[in-house]
Amino acid sequence: MKKIIISLLLLSCSVLAKNYTIGYAGADFEKPWYDAQYQEIRNTVANHDNLKLIAKDSQGSISQQIMNIEALIQEKVDFIIAPPIHPRISSIVLQKALKNNIPVILISRHISTDDYTTFIAPNNYQIGYDAAKLLAQKIKYQGKVLMYQGVANATTSTERENGFMDYLKQYPKISVTKVRANYKKSDAIKVTEEIFIKQKQKFDAIYSHSDAMLVGVREVMNKYNLPIDIPMIGIDYNVEAKEAILLGTQYASFIYQTAGKEAVEIILKMINKQTFNRDIELPTTIITKENAKNIAPIF
Amino acid sequence: MTLKGKLFIWLLIIITTSTALSAIIYYNSMNSLYNKQIQNDHKHDTSIVLNHFNGIKNNIKFLNDDITKNNEFIASLNLIVNYQDENNYDKEVFDNEKYSIIKKTTKWLSTSNNTSIAIYDMNKDLLMSSTRSTNQTSVQIQSYDQSNNKIFLDDNKQLIPKKDLKILKLNSPLNTFATHKEDNQFHLCYTTMLYSLDKPLGYLHVCYILDEANVKEIRKNTVHDLVFEIHNQQILSSIKIIPLLWNKIKNNQYYIVSKSAITENKNDLNFYIITNKKTMQEQLKDTILLTILISFSVFIATFFVSLIIIKKYVLDPISYLRDALNTIYPGLKNKEFKPQNTDELQQMRHEINHIGTNLKKNLAFLKSYQELMDEGSMTSKSDLEGQITYANDRFLKATGYTLEEVLYKPHNILRDPNTPKSTYEKMWRDIKEKKTWRGILKNRCKDGSSIWTKTVIRPILDEKNEIVEYIAMRNDITELIDQRKELERVATTDVLTGFKNRYKLLQTLKSDRYCMLAIINIDNFRQINDFYGHEFGDKVIIALGQTIKNYLDKTPHWDIFHLRADEFVMLCTHCDDQEKATNTISQLQSHIRSQSFLLDKQLLSLRTSIGISYEKQDSLLMTADIALKYAKKESKDVVIYTDDNPLQKEYENNIKWTFIIETAIKNDKIVPYFQPIYNNHTNKIEKYESLVRLIDEEGKVISPFFFLEIAKQTKFYKQITKKVIEKSFENFKDKPYEFSINLSINDILDSEIKTFIYNMLEKYEIGQQVVFEIVESESIANFDDIHEFIQNVKDYGCKIAIDDFGTGYSNFEYLMKLNADYVKIDGSMIKNINVNKNAQLVVSTIVNFSQQLGMQTIAEYVEDNKIQTIVESLGIDYSQGYLHGKPDKQIQ
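Every chain's residues receive numbers from 1 upward, in the order its sequence appears when written. Whichever chain is written first becomes A and whichever ligand is written first becomes 1, with later ones labelled in order. Reporting in this predicted model follows two pLDDT cut-offs: at least 70 for local features of residues, and 80 or more for side-chain atom pairs to be given and counted; totals over whole chains, interfaces and linings ignore these cut-offs and use all residues. Excluding hydrogens and water, the side-chain figures rest on all heavy atoms present in the structure.

1. Quick word on the overall build of chain A
Scanning chain A from terminus to terminus reveals 11 helices and 12 strands. Working rule for contacts: check all heavy atoms of both residues, and any pair within 4.5 Å makes them a contact. Within chain A, counting contacts between residues at least 6 apart in sequence, those at least 24 apart form 72% of the total. Here, Shrake-Rupley sampling with a 1.4 Å probe gives the accessible areas, and only protein chains in the shown set may cover a residue. As displayed, chain A has an accessible area near 13,500 Å², and 51% of this comes from carbon and sulfur atoms. Numbered from the N terminus, helices here are DSSP runs of H or I no shorter than four residues, and strands are runs of E no shorter than two.

2. Structural notes on the overall build of chain B
Assigned secondary structure in chain B consists of 26 helices and 33 strands. Burial statistics for chain B: of 892 residues in total, 45% are counted as buried. Of the contacts formed within chain B by residues at least 6 apart in sequence, a portion of 59% connects residues at least 24 apart. Approximately 48,800 Å² of chain B is accessible, and the part contributed by carbon and sulfur atoms is 51%. Summary of the burial criterion: residues with accessible area below 20% of their type's maximum are buried, those above 50% are exposed, and those between are partly exposed, where the area comes from a 1.4 Å probe applied to protein chains only.

3. What to know about the state of the cysteines
All names here are of chain B. Only a pair of cysteine sulfur atoms within 2.5 Å counts as a disulfide in this structure description. Following the criterion strictly, the structure yields 1 disulfide over all chains and no others. The disulfide bridge from Cys 189 ends at Cys 207, spanning 2.0 Å between sulfur atoms. Handedness of the Cys 189-Cys 207 disulfide follows from its S-S torsion of about 110°: it is right-handed. Here the residue Cys 189 occupies a position in strand β6 (residues 185-196), and Cys 207 occupies one in strand β7 (residues 199-210), the gap between them amounting to 18 residues.

4. Details of a nonpolar patch on the surface
Residues and elements named next belong to chain B. Taken together, the side chains of Phe 8, Ile 9, Trp 10, Leu 12, Ile 13 and Ile 14 define a hydrophobic patch exposed on the protein surface, amounting to about 560 Å² of accessible area. By secondary structure assignment, the location of Leu 12 is in helix α1 (residues 3-69). In this structure Leu 12 comes out as partly exposed when scored by relative accessible area, which is 33%. Any residue with relative accessible area above 30% and no salt bridge may belong to a patch, with like charges joined within 9 Å and the nonpolar Val, Leu, Ile, Met, Phe, Trp and Tyr side chains within 5 Å. Salt-bridge detection follows one rule: a side-chain nitrogen of Lys or Arg within 4 Å of a carboxyl oxygen of Asp or Glu.

5. Focus: the sheet that holds strand β5 (residues 118-122) of chain A
Residue and element names in this part refer to chain A. Each pair of strands is called paired provided DSSP finds at least two bridges between the two strands. Pairing within the open sheet is parallel, and its 6 strands lie in the order β2-β1-β3-β4-β5-β11. The open sheet has two free edges, formed respectively by β2 (51-57) and β11 (279-282), since each of these has just one partner strand. Along the sheet, successive strands turn relative to each other by an average axial angle of 15°, direction set aside. Pairing analysis gives 3 bridges linking strand β1 (residues 20-26) to strand β3 (residues 79-82), with the strands arranged parallel. Note on method: axes are straight lines fitted to C-alpha atoms, helices fitted across the in-contact stretch only, with angles between N-to-C directions ranging 0 to 180 degrees.

6. Thoughts on unusual backbone geometry
Its identity is not glycine, yet Gln 59 of chain A carries a phi of approximately 55°, on the positive side. Of note in this structure, Asn 148 of chain B is not a glycine but carries a positive phi near 60°. Inspection of the secondary structure assignment puts Asn 148 of chain B in the loop between β3 (136-144) and β4 (150-153). What makes Asn 148 of chain B partly exposed here is its relative accessible area of 30%.

7. Observations regarding the side chain of Thr 857 of chain B
Position of Thr 857 of chain B among the secondary structure elements: in strand β32 (residues 856-859). In contact with Thr 857 of chain B, not counting residues within four places along its chain, are Val 823, Ile 825, Val 847, Ser 850, Gly 875, Ile 876, Asp 877 and Tyr 878 of chain B.

8. Re the sheet that holds strand β13 (residues 388-391) of chain B
Working definition: the strands of a sheet are paired by backbone hydrogen bonds and lie parallel or antiparallel to each other. Residues and elements named next belong to chain B. With respect to topology, 5 strands assemble into an open sheet ordered β13-β12-β16-β15-β14, the strand pairing being antiparallel. Whereas interior strands pair on both sides, the edge strands pair on one side only; in this sheet they are β13 and β14 (437-444). Recorded for the sheet is a direction-independent mean angle of 30° between the axes of neighbouring strands. Sheet analysis places strand β15 (residues 450-461) next to strand β16 (residues 467-476), joined by 9 bridges and oriented antiparallel. Its bridge partner being in β16, Ile 460 is matched across the sheet by Glu 469.

9. Some words on the pairing of β4 of chain B
All names here are of chain B. Judged from the 4 bridges that link them, β3 and β4 form a sheet pairing that is antiparallel. Following the sheet pairing, Tyr 144 is matched in β4 by Lys 150. Between β3 and the antiparallel strand that follows it, β4, lie 5 residues; Asn 148 among them carries a positive phi value of about 60°.

10. Looking at the nonpolar core
If you look at the biggest cluster of nonpolar residues, it comprises 96 residues, and the most contacted ones within it are Ile 80 and Phe 164 of chain A together with Phe 53, Phe 73, Ile 119, Leu 210 and Phe 228 of chain B. Other than its neighbours up to four places away in sequence, Phe 53 of chain B contacts Leu 188, Tyr 208, Leu 210, Ile 218, Phe 228 and Ile 262 of chain B. For this analysis, a nonpolar core means a set of buried residues of the types Ala, Val, Leu, Ile, Met, Phe, Trp, Tyr and Cys, connected via side-chain atoms within 4.5 Å. Counting residues in hydrophobic clusters, the runner-up holds 51 residues, among them Tyr 688, Met 760, Val 823 and Ile 830 of chain B.

11. Notes on the confidence of the model for chain B
Residue and element names in this part refer to chain B. Values of pLDDT, which run from 0 to 100, indicate the predictor's confidence residue by residue. Model confidence for chain B is summarised by a mean pLDDT of 84, while 96% of its residues fall at 70 or above. Averaged over each element, pLDDT in chain B is lowest for helix α23 (residues 812-818) (72) and highest for strand β33 (residues 878-879) (94). Among the prediction metrics, the complex's ipTM stands at 0.79, with pTM recorded as 0.47.

12. Remarks on the environment of Lys 240 of chain B
With respect to the secondary-structure elements, Lys 240 of chain B resides in the loop between β9 (234-237) and α5 (243-250). With 13 residues separating them in the primary sequence, Lys 240 of chain B and Val 227 of chain B have C-alpha atoms 9.8 Å apart.

Below, the structure written as structure tokens:
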């Protein structure tokens, strides 16, 4: 027993004796989802005394994220968590990290190379696919659909689009119009005013790569007293999405987990030299009026 | 010259001179002033330009700092430099990133015109550049085409042709300002190294672009022109300068050039402040012209303003002062004082000096006068109600009052109750009418006694000519009055008899009313005097007077006067009954005759004559006197004057002739007539006698027989004598004859006539022709005076003739004493000489006597040849008479 206690203490000491610095190169803290991701990592790291977090915001800029990662490398952090903004260019700097023996944990977004240690994210393609299925059914497999795209080149955005479009290929009566709003409510407001108010286009449904962009759409509708009577499907499931779903002004949302908690947990496994999968897919849930009441939003 | 004229001229001279001197001084100082000004301007301009470029340099450095410290910029550049793959160029990512940088640089340049920002990689190849010039931005962005060839895009992502590309290779030193020329622009640039996380990324190259427009913009803040020179070769200037001539201009004496360096390397970028001296001289000329114009304007303005000011503050006050002076001047100016002929101020100075002197004199005089007045006069003042407000010591002493007793008491405390009220009423009327009242007042003193004062009262007037007080000056003449009364009494009282005298009688006749006057006179009183002596005679007179008084005292209405010697006048004031009055006098006459006067043991009876007159008052005395004379003449006791009194006729004749004589004198009608005197030896007329004639108003020639005796009793006689003398001299002044003028002894004794004769002799210088015929109808009492006259006129060459010799007072003694030259034998002896042998004998004696004394003889009244023959036979030298010519106004 005494030996067990001593060994445990030594283990603890050995574990506690080493502090680990996690560098987090966030994509854009102004975006609620990424902010939620950051909060989740921070909160999770806060639960572990041997972990220290250095978080850097890239403000949606690939150059800034690269600078941040370079800085984290220079600062010799122990781990780097990053949602890479550009799949190819980001891979170059991440490659530098790996060359410097810094494990790279990709969350929510992927890169175009294998220069990472682990990747954790829901299946964006599947979400896009499921969203198309739900929406096509709602509009009875015909009509005009307006798609609000996320950030260009971001794998999340690309895959959400690809999944959606792949499903709709079988329904030629459904046409899709794409507009880019970079996951941002502010950009969505501009685009919506242009499409609906200036161009006076009409659509039968809206598919948005994020719920934040749908918030912007509804603000424009309310501002111009336009009826919100077409089905809208968003991703992320934030507070506004829950309220809209319960009010009936949003048809559905997909929970898109930030993967922050999971990333820290993987790091702990690495520290503890435990085994882990290189690619980890996080589950998602369709939220509609039926279940929204009982499921808390992501952020 | 007047003060105005002098001031005008002086003002003109002073302002003209000062303006001209100022202009000359100004002109002389302008060159150096301009040179100094230009030097200062150059310093100023240099400072302006250097400050401008210091600002630009600072701005560039600030810009450098901003850029190098901008994380986003560094991140973007880091991405481009380190992650860009030429062979696999991600256009969307890298072009966007570069445009993002350009967007930032554009923002940086938005506040910095004429500035460029360029970024070069480590190979000093251009990555991108942004240039802001004339508010426009041009960019060059490195990119790659689809074939991975390097290209440059503009801000619209359009390809920039190679010919339009600017410097693509960096060639500037680090961390210092350096310049280079591009087209027609000078670039002042600062280059720094860019780092990312301590690793060099590339180069930042910030330039300020200086072009012509910019130079002109700087020139707006400088006084003089600017020239920027780069590498001692090319220039940019604010004026057009041919580059080839620039080196000549720099060293040209006609230009003033100041050189300064903008960069540390002095051959890099310099600027010059240049000034063309010719321009300066033109400016100087303009300035001088402007100065002359301003000076002239100032001169005119100053001149007129000075005139106005001088008029308002000098001339007008002097004029007012002069007027004020003139108001006091007349009273203080001596009549003979005349100010010097200078200006008003000098005149005023003379006048004020003159007035001051006179004022001092006057004040001294007034002081003395006041002291004298206080000493000699009783002075008091009273207010408008007559209450005493001032009294001097003399006043108080004379009246016996103290000052407290008289102050604010009315002046009438001095009033004598016997003085008529009208006197005071007139006094008040006069002084209230601002007149001076003069008079003699009797004043009552405190003790009840009276004093006589000669009083002058006059009002004191204020500046508005209103009465404020009255001042009275009194001189105590009580003693004088008493003396006058005594004198009056003495003057009107006969010393001998104690009766009122002739003077009093005449006064009385002028004032009081009398109806009858009687004059009583003692007959033959001269004999009493001669026999008993004058002292006894006086006693007789006293006794007569007393007798008259005693008699007339019994009856009222009579006044008695002692007229003269033995004459008394009795005046009757009550004439209701003339007969009664006459009877009273007649009875007085009888009373006197019946009286025996015992005087000095001599018993004497007196006979008197009385003349009475009831005529008008102003002729009472005269008419009574005529009546008395008539009584004397006719040996009557009492004669009452009547108009037909014979004496009256005689007096009337005298009065008539007196009037005729006066009229003739006034009308120059007293003329000499000339009767020729014949020389019995030469048988020629050689002399004339001047004889006086009067031409009456009808032109009738009047003989002196009618008027000469009357004239002798009047004041006109002397004038007649003078007329005859003067006109005789005038008539004979250019004639070859002697002429004789008749003079009486009284004429010779009269100093006025004597002086007149001497003056005539002096004036006409014809003494040799003049013969004075002395009429010896009167005895000569004082031969000395006569002798002196004869001697004096003989000194002038005159001769003396004795007129009417043989009658009257003339005798042989006269002839000798008078030293006569001629003896005129009286006509009464000549005219009968042919029939009266005695006359012939007397005449012969006179002739002989005269001849022995060396005197020549003249026979008067030679009326015919018989007489002439006898006259000649008797040896008389000259004949005068109708035979030889009557008196005529013309000389034959």
